[in-house]
Amino acid sequence: MHAAVGRPGYERDDVLLLGKSVAAVVAAWTLASWLLPPQVTTFALFTTLLALQATAYRSVWHSVRYVAAVGVGVVPATGFGAVAGVHAWNLALMVLVAFAAGRLELFGRCGCRSP
């Protein structure tokens, strides 16, 4: 802690990121407790921690990519499952398509979350 206060460097960056993380988690929980039912407010904490980056810009951009990657997996799978039914063969097909879509540069590191 002394190194973080005494001079610039990775120690100070770590302490700042820790402070931002705590503030973001508390803000997410507070907002979720006002807007959502109590059963799902803890998901706000986990989502915040998944999306948190070193800067606000990166956090927002990462969140947008994350939501897009999940949407690319969930929306087609839901539609295809509603039309073709839930079977092992269409699960395999949708996971294959989702992994292929997840390789697109558009999703960055979040592409692996598309299924």
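Below is a short write-up of the structure. Since this is a predicted model, take the numbers as computed values, not measurements. (Residues numbered from 1 in each chain as written. Predicted model: local features only at pLDDT ≥ 70, side-chain atom pairs only at ≥ 80, totals over all residues. Heavy atoms only, no water.)

A look at the side chain of Thr41
Which entries qualify depends on this criterion: Numbering of helices and strands starts at the N terminus; helices are DSSP runs of H or I of at least 4 residues and strands are runs of E of at least 2. Whether two residues are in contact is decided by their heavy atoms, any of which lying within 4.5 Å being enough.
Take Thr41: it is sitting in helix H3 (residues 41-51). When near neighbours in sequence (up to four residues on either side) are disregarded, Thr41 contacts Trp29, Ala32, Ser33 and Leu36.

Overview of the environment of Ala28
To be explicit about the condition: With a 1.4 Å probe rolled over the protein chains alone, any residue whose accessible area is under 20% of its type maximum counts as buried; one over 50% counts as exposed, and the rest are partly exposed.
Looking at the element boundaries, Ala28 is found in helix H2 (residues 10-35). The class of Ala28 is buried, set by a relative accessible area of 17%. For the pair Ala28 and Thr41, spaced 13 residues apart in sequence, the C-alpha separation works out to 8.7 Å. The contact partners of Ala28, leaving out residues within four places of it in the chain, are Ala44 and Thr48.

Considering helix H4 (residues 56-84)
Going by this rule: Helices are assigned an expected span. That span is 1.5 Å times one less than the residue count.
The terminal C-alpha atoms of H4, which comprises 29 residues, lie 42 Å apart, in line with the 42 Å expected from a rise of 1.5 Å per residue. All of the buried residues along H4 are Ser59, His62, Ala69 and Gly73. At the exit of H4 stands Gly85, carrying a positive phi of roughly 85°.

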